[in-house]
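One letter stands for each residue in the lines below.
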Amino acid sequence: MNNKLYSNLIFELSRPGRVGYSLPPCEVEAEGLSSLPAAVRRDEAPCLPEADEQTVARHYTNMSNNNFGVDTGFYPLGSCTMKYNPKINEEMAALPAFTQLHPAQPADTVQGALRLYWEEQQMLSEIAGLSEFTLNPYAGAHGELTGLMTIRAYHRSRGDEKRTKIIVPDSAHGTNPASAAVCGLQIVEVKSTARGTVDVEDLKPLLGDDIAGMMMTNPNTLGIFETEIPEIARLVHECGGLMYYDGANLNPMLGVCRPGDMGFDVMHINLHKTFSTPHGGGGPGDGPIGVRKGLEQFLPDPHVVRRADGTFALECRDGSLGSVSAFLGNYGIIVRAYAYLLALGSDGFKMAGRLATLNANYIKERLKSHYLLPIEGLCKHEFVFDGLRPEYGGDHHDDAHVTTLDVAKSLLDLGFHAPTIYFPLLFHEALMIEPTETESKDTLDAFIEAMISIAERAKTDPESVKAAPHHTPIRRADDVKAVKDAIFTYR
Ligand SMILES: *Cc1c(COP(=O)(O)O)cnc(C)c1O
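Residues numbered from 1 in each chain as written. Predicted model: local features only at pLDDT ≥ 70, side-chain atom pairs only at ≥ 80, totals over all residues. Heavy atoms only, no water.

A. Inspection of the environment of Asp386 at higher detail. Topologically, Asp386 is positioned in strand S10 (residues 383–386). Classification of Asp386 by relative accessible area gives buried; the value is 9%. Separated by 290 residues in the primary sequence, Asp386 and Pro96 have C-alpha atoms spaced 49 Å apart. Among the polar contacts listed, one links the side chain of Asp386 to the backbone nitrogen of Glu429, at a separation of 2.9 Å. (Helix = DSSP H or I, 4+ residues; strand = E, 2+ residues; numbered from the N terminus. Buried < 20%, exposed > 50% of the residue type's maximum accessible area, 1.4 Å probe, protein only. Polar contact = N/O pair within 3.5 Å; in protein donor to acceptor, adjacent residues only side chain to side chain.)

Quick look at the structure:
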């Protein structure tokens, strides 16, 4: 491929006077323009690229080919559940009966759409063992914020204003303390044991009448099931706090166990992880939250109710924390997750969680002779290596050795997306792998071979690993320069 022609900015491909479309001359006077005050009018025409249609089509098509997604290759990004997004989801969400809806239409003209929302909220309640869900929040972090606002609304409804602190484990995803801070809560950190789970002894002295609640992720960000939850929930409830479940890692729990049964009061789910809707640049997300019985009235407005005559309506409630999104959230995403739920069914569901767990353990066991496994034993959907083993050139105190970053860059050369790296912060050379249930054994084996080949090369030819990637459209980027000296405009 001629890189000069294809990898430039569209501005660099611009030639003065070159046009893609020729429009007929404007038949009306540009009156509106001349009536604008001079102070707000620009002095010169905007600097827009001028290119023919074929150049534009090639430019963007080639750029999209440089992209990496679940549809192009294996994407073992820990904590992100990059499972395959079935195409039937897209077909259903593209039905004009959904895409042509107006959110302010009278309820009697959108009965099907309201029913879908209501049924999905029922299904999530059943999966989680909770009383009611709202699908309105836009993302996991937005769900966390909404869930914490629900907890605050609950305390305030009892006139209890002094609960201003929230307990968050040191292994938590960064969004937990961030959401708590946005909610105006003070964060109290609880430590992990050497086994990677919450340290109950460290927790006890933190509890008191100023604690609004505790956030827990289960399985936690190390992919480890938190076995002390019943005791932790008892302690937190005893001091008057509520238990918040970060359900972004719900995938391995599907059909196996339910947060509501473990003693949690509020939780969020990521439709764009567990429920196979697109991720990140692939589209907007959705972060439903669920609550146990007795907390429903605090959930955001509006919500969908089924009336005694079987019809559906949008309602607002006294006591609600207010609205957190436009109408019912990202409705197209809610439709995709609904299609996924129906396609999988309850039997498929029970398989998904188990296979996600099996796949992660398979990779872990086959790679632990090459990569350092700080916490032995069964993991759930994901696990964390602490870089290469010393005999393969890993050294946690010396960046001149082959680092996790070097391994991640080498994987790109071999056609795989890199795992999550340097998170969680508990290990110096963290490399966090989550395969999900949708990958075949062939793909897992190819990934394992690639990881082993990198380890072998780190031993025999460390310089080539440190210089990776060698075959990607750009070589190793200078991350620090990119952050400190960011250039956002062509000029
Ligand atoms: C992804 C994730 C979140 C945040 O979800 P977003 O939709 O990215 O805001 C929170 N907690 C955990 C454990 C996660 O993996």
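B. Structural view of the sheet that holds strand S11 (residues 420–421). Strand order in the open sheet formed by three strands is S10-S12-S11, with antiparallel pairing between adjacent strands. Unpaired on one side and paired on the other, S10 and S11 mark the two borders of the sheet. Two elements, S11 and strand S12 (residues 430–433), share two bridges in a ladder whose sense is antiparallel. Its bridge partner lying in S12, Ile421 is registered against Leu431. The strands that helix H12 (residues 331–367) touches are S10 and S12; relative to S10, the one it contacts most, it runs at about 20°. (Pairing = 2+ DSSP bridges. Contact = heavy atoms within 4.5 Å. Axes fitted to C-alpha atoms, helices over the stretch in contact; angles between N-to-C directions.)

C. Geometry of helix H10 (residues 229–238). Along H10, the residues classified as buried are Ile229, Ile232, Ala233, Leu235 and Val236. When H10 is viewed along its axis, its buried side chains cluster within an angular range of 165° and face the same direction. Exposed residues pointing more than 90 degrees away from the buried face of H10 are listed as Pro230 and Glu238. In this fold, the buried residues of H10 make contact with helix H9 (200–203), strand S4 (211–217), strand S5 (242–247) and helix H11 (259–262). (Arc of directions from axis to C-beta.)

D. Here's a closer look at the packing of aromatic side chains. Applying the stated criterion across every chain yields a total of 12 aromatic pairs. Centre to centre, the rings of Phe74 and Phe416 are 6.2 Å apart; their planes meet at 90°, and the pair counts as edge-to-face. Linking Phe74 in the loop between helix H3 (53–65) and helix H4 (87–93) with Phe416 in the loop between helix H13 (404–413) and S11, this pair joins segments that are 342 residues apart in sequence. Judged on exposure class, the residue Phe74 and its partner Phe416 are both buried. A ring pair is formed by Phe98 and Tyr331, whose centres lie 6.2 Å apart and whose planes are at 50°; its orientation type is tilted. Of the two residues, Phe98 is situated in helix H5 (residues 96–99) and Tyr331 in helix H12; the sequence distance between them amounts to 233 residues. Since its relative accessible area comes to 21%, Phe98 is described here as partly exposed. (Phe/Tyr/Trp six-rings, centres within 6.5 Å; stacked < 30°, edge-to-face > 60°.)

E. Quick look at the pattern of salt bridges. Scanning the entire structure with this criterion turns up 27 salt bridges. Of the charged contacts in the structure, one is a salt bridge between Asp71 and Lys87, with a shortest N-O distance of 2.9 Å. Of this pair, Asp71 sits in the loop between H3 and H4 while Lys87 sits in helix H4, and the two are 16 residues apart along the sequence. The salt bridge partner of Glu365 is Lys364, with a shortest N-O separation of 2.7 Å. Owing to a relative accessible area of 39%, Glu365 belongs among the partly exposed residues under this scheme. By relative accessible area, which is 1% here, Lys364 ends up buried. Three or more residues are tied together by salt bridges with common partners; here these are Arg158, Asp160, Lys162 and Arg163. (Salt bridge = Lys/Arg side-chain N within 4 Å of Asp/Glu carboxyl O.)

F. Molecular detail of helix H14 (residues 441–460). The terminal C-alpha atoms of H14, which comprises 20 residues, lie 28 Å apart, in line with the 28 Å expected from a rise of 1.5 Å per residue. Taken residue by residue, H14 has Leu444, Asp445, Phe447, Ile448, Ala450, Met451, Ile454, Ala455 and Ala458 as its buried positions. Against the buried residues of H14 lie H12, H13, S12 and helix H15 (462–466). (Expected span 1.5 Å × (residues − 1).)

G. How the structure looks around the site of the ligand. Taken together, 14 residues lie around the ligand, and Ser79, Gly140, Asp246, His272 and Lys273 are the ones closest in. Between the ligand and the protein, one listed contact pairs a nitrogen atom with a side-chain N or O atom of Asp246 at 2.6 Å. In the model, an oxygen atom of the ligand is placed 2.6 Å from a nitrogen or oxygen of the His272 side chain. At three residues, helix H7 (residues 140–157) tops the list of elements feeding residues into the shell around the ligand. Residues that form the shell around the ligand fall into these classes: three nonpolar, eight polar and three charged. (Near = heavy atom within 4 Å. Nonpolar A, V, L, I, M, F, W, Y, C, P; charged D, E, K, R; others polar.)

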